[in-house]
Amino acid sequence: MFQNRAEGLALALPAALFAALVFLVPVVLLLSEGFRNADQWTLSAYVDFFSQPLNRTVFLRTLKLSALVTLVAAVIGYAAAYAIVSLPPGAKGRMVGLVVLPLMISPVARTYAWIVILGRTGIINQALQAIGLTDEPIRILFSETAIFIGLLQLFLPLMIISLISALENLPRDVVPAARVLGAGWLSVFWKIILPLTKEGLVIGGTLVFTGSMTAYITPAILGGSKVLMLETLLYQQVTVSNNFVAASVIAFILIVMSFAANILLKRIASARRSGK
């Protein structure tokens with residue numbers, strides 16, 4: 001047994017070394033730029049970054065929109081996933097295909113479609129003017145609302161797919177049994193469905209939150225230079241200001257926030273399981 005294990009490790013070692021060389025080493029070198037000042041290690045780059053009001057605003061905006069997209073995606077995702085799982089096998093397969101279909105389309109094309117919908121002459125403004133809610137077009141593009149809508153449409157399929165997988169493993173008789181015993185739908189969801197599908201929620205929530213924080217195309221197109229997110233700010237620091245130290249700080253913040261989101265979701269799931 002030990003010989004087989006040693007042979008397996010020997011076979012995996014070249015792949016691990018290759019991954020470390022092409023991924024870990026460049027990432028470590030990039031992130032180290034934010035902690036070095038001349039020949040000493042310091043946190044002055046992070047202090048300087050957060051001391052600027054614009055950077056604090058961009059950080060809080062990115063955190064707020066990512067959390068809001070994750071929350072709304074979870075609410076819509078549970079409803080959509082439960083409805084899909086309840087369908088007959090043939091219809092369920094077709095609906096899952098429709099959910100997966102947007103993932104096969106380029107994010108650039110999906111984001112530019114929102115310009116047609118949200119623009120001053122877009123469908124939404126035309127509808128608002130047609131029903132008399134406004135006399136002139138309202139500005140939806142280049143706002144936090146536009147970024148939120150674009151990110152939600154971009155990452156909602158990931159949440160739905162994760163929850164479909166979790167709900168398919170849910171015992172079929174627990175929900176009908178709870179309903180027969182008089183439990184309302186809110187109690188059924190909070191005390192039965194949510195605890196038994198928390199792993200799917202953790203996976204989906206991590207994918208949506210990290211994707212929303214690290215997305216560049218959608219915030220750049222729908223937010224423009226007026227509504228910056230951390231990724232668009234990082235791009236500006238590299239291409240416009242040529243400030244690789246600030247870019248390293250932003251990259252480290254994005255990585256830390258991604259791991260923190262996963263840990264927080266796991267803690268919440270564990271707290272639900274233990275009844276805290």
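Right above here is the structure, for reference.
This write-up is about the structure you can find in this document. Every chain is numbered on its own, with residues counted from 1 as its sequence reads. pLDDT decides what is reported in this predicted model: residues at 70 or higher carry local features, side-chain atom pairs at 80 or more are listed and counted, and totals for whole chains, interfaces and linings draw on all residues regardless. To obtain the side-chain values, all non-hydrogen atoms of the structure were included, while hydrogens and water were left out.

Considering the nonpolar core
The condition is simple: Among buried residues, those of type Ala, Val, Leu, Ile, Met, Phe, Trp, Tyr and Cys that are joined through side-chain atoms within 4.5 Å constitute a nonpolar core. Throughout, exposure labels follow a simple rule: accessible area from a 1.4 Å probe, protein chains only, divided by the maximum for the residue type, with under 20% read as buried, over 50% as exposed, and the rest as partly exposed. Only DSSP runs of H or I with at least four residues qualify as helices, and only runs of E with at least two residues qualify as strands; both kinds are numbered from the N terminus onward. Only heavy atoms enter the contact rule, under which two residues are in contact if any of them lie within 4.5 Å.
By size, the foremost hydrophobic cluster in this structure holds 39 residues, and its most contacted members are Ile147, Leu151, Ile193 and Leu222. Residue assignment for this core shows that the elements contributing at least two residues are α3 (53–85), α5 (107–118), α7 (144–168), α8 (174–180), α9 (185–196) and α11 (217–223). Broken down by element, this core gets its largest block of residues, 13 residues, from α7. Contacts of Ile193, omitting those with residues within four sequence positions, involve Tyr78, Tyr82, Leu167, Leu170, Val175 and Val188.

Focus: the side chain of Glu231
Applied cut-off: Charged residues are defined narrowly, with Lys and Arg counted positive, Asp and Glu counted negative, and His plus the chain ends left uncounted. One speaks of a salt bridge when a side-chain nitrogen belonging to Lys or Arg is within 4 Å of a carboxyl oxygen belonging to Asp or Glu.
As for its placement among the helices and strands, Glu231 is situated in helix α12 (residues 230–239). An unpaired buried charge is present at Glu231: no salt bridge exists, and Arg61, the closest side chain of opposite charge, is 14 Å distant. Sequence-distant contacts of Glu231, defined by excluding residues within four places in its chain, comprise Met213, Thr214, Ala215, Tyr216 and Leu254.

Focus: the layout of surface pockets
Basically, it comes down to this: The method works on a 1 Å grid over the protein atoms by themselves. A cavity is a set of points holding a 1.4 Å probe that cannot get out, a pocket is an open set with protein on both sides within 12 Å along at least five of seven lines, and residues with an atom within 4 Å of a point line them. Grid points are joined across faces, edges and corners, and a volume is the space filled by probe spheres set on the points. The classification used treats Ala, Val, Leu, Ile, Met, Phe, Trp, Tyr, Cys and Pro as nonpolar, Asp, Glu, Lys and Arg as charged, and all other residues, Gly among them, as polar.
Within this model, the largest pocket holds a volume of roughly 580 Å³. At the level of elements, α3, α9, α10 (198–214) and α13 (244–274) are the ones that each hand at least two residues to the lining of the largest pocket. The leading source of residues in the lining of the largest pocket is α13, at 8 residues. Residue classes in the lining of the largest pocket are distributed as 19 nonpolar, 2 polar and 2 charged. Here the second largest pocket defines a volume of roughly 230 Å³. Forming the boundary of the second largest pocket are 18 residues, of which Ala45, Asp48, Asn243, Val245 and Ala246 lie nearest the centre.

Describing α9
Spacing of three or four residues puts side chains on the same side of an α-helix, whose turn is 3.6 residues. So the rule is basically this: Expected span, for any helix, means 1.5 Å times one less than how many residues it has.
Relative to the 16 Å expected for 12 residues at 1.5 Å per residue, α9 spans 15 Å between its end C-alpha atoms, a close match to the ideal helical length. Those residues of α9 not exposed but buried are Val188, Ile192, Ile193, Leu194 and Pro195.

Re the pattern of salt bridges
Under the counting rule described, the total for this entry stands at 3 salt bridges. Here Glu144 and Arg61 are joined by a salt bridge, their closest N and O atoms 3.0 Å apart. Highlighted residues: Glu144 in helix α7 and Arg61 in helix α3, separated in sequence by 83 residues. Salt-bridge contacts for Glu144 lead to Lys64; the nearest nitrogen and oxygen are separated by 2.8 Å.

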